[in-house]
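Letter by letter, the chains look like this.
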Amino acid sequence: MATAKKAPAKKAATKTADKAAAPKRAPNAAFSKPLTPSPLLAAVIGKDPLPRTEVTKKVWDYIKAHKLQDEANKRNINADAKLKPIFGKDQVTMFELTKLISNQLS
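Draft legend 1. Up close: the overall build of the chain. Secondary structure summary: the chain contains 6 helices and 2 strands in total. Taken across its 106 residues, the chain has 25% of its residues classed as buried. Residue pairs in contact within the chain that sit at least 24 positions apart in sequence constitute 28% of those at least 6 positions apart. Put simply, the chain shows about 8,300 Å² of open surface, and 58% of that area lies on carbon and sulfur atoms.

Below you can see the structure in the form of structure tokens.
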């Protein structure tokens, strides 16, 4: 007498189906709200109100254009004449940068 083999159980849902069923996340309104830069920060990015994400992007563009990243450790940013009043010291880490910039926005 031959024994019948059982078919393997089918998976109920795939990972892509789970992702498609998840609701879309709305963007956080706090990131897209235009904020006015302080006069110190306006010297670097301009005086127009910008969303927080754009402010960070413009500061990084300034840092890269003026080659202010430390050559030995790219996580450090060297302050020039415009950034030193914002930073309060000669060198900051990229992790401190966001906090220091937020203090200059209203």
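This is not the end of the story, as more comes after the structure.
Draft legend 2. Molecular detail of helix α4 (residues 52-65). A rise of 1.5 Å per residue sets the reference length of α4, with its 14 residues, at 20 Å; its end C-alpha atoms lie 20 Å apart and thus fit the reference within 8%. Buried residues along α4 sit in contact with α3 (39-45), β1 (76-78) and α6 (94-102).

Draft legend 3. Layout of the pattern of salt bridges. By the definition in use, this model includes 3 salt bridges. With a shortest N-O distance of 3.5 Å, lysine 57 and glutamate 54 are connected by a salt bridge. Taken together, the residues span about one helical turn, with lysine 57 and glutamate 54 both in helix α4 at a distance of 3 residues. Exposure remark for lysine 57: the relative accessible area of 48% places this residue in the partly exposed category. Across the pair aspartate 90 and lysine 84 runs a salt bridge, and its minimum N-O distance is 2.6 Å. Residue lysine 84 is classed as partly exposed on the basis of its relative accessible area, which comes to 41%.

Thresholds applied
- Per chain, the residues get numbers from 1 upward, laid out in the order the sequence is written.
- Only residues with pLDDT of at least 70 are given local features in this predicted model, and only at 80 or more are side-chain atom pairs given and counted; all residues enter the totals for whole chains, interfaces and linings.
- With hydrogens and water stripped out, all remaining heavy atoms of the structure feed into the side-chain values.
- Every helix listed is a DSSP run of H or I at least four residues long, and every strand listed is a run of E at least two residues long, numbered separately from the N terminus.
- For every residue, the accessible area (1.4 Å probe, protein chains only) is compared with the maximum for its type, and the residue is labelled buried under 20%, exposed over 50%, or partly exposed between those bounds.
- Contact criterion: two residues are considered in contact whenever any of their non-hydrogen atoms come within 4.5 Å of each other.
- Areas reported here follow the Shrake-Rupley algorithm with a probe of radius 1.4 Å; residue values treat only the protein chains shown as occluding.
- Given a helix with a known number of residues, its expected span is that number minus one, times 1.5 Å.
- A carboxyl oxygen of Asp or Glu within 4 Å of a side-chain nitrogen of Lys or Arg is what we treat as a salt bridge.

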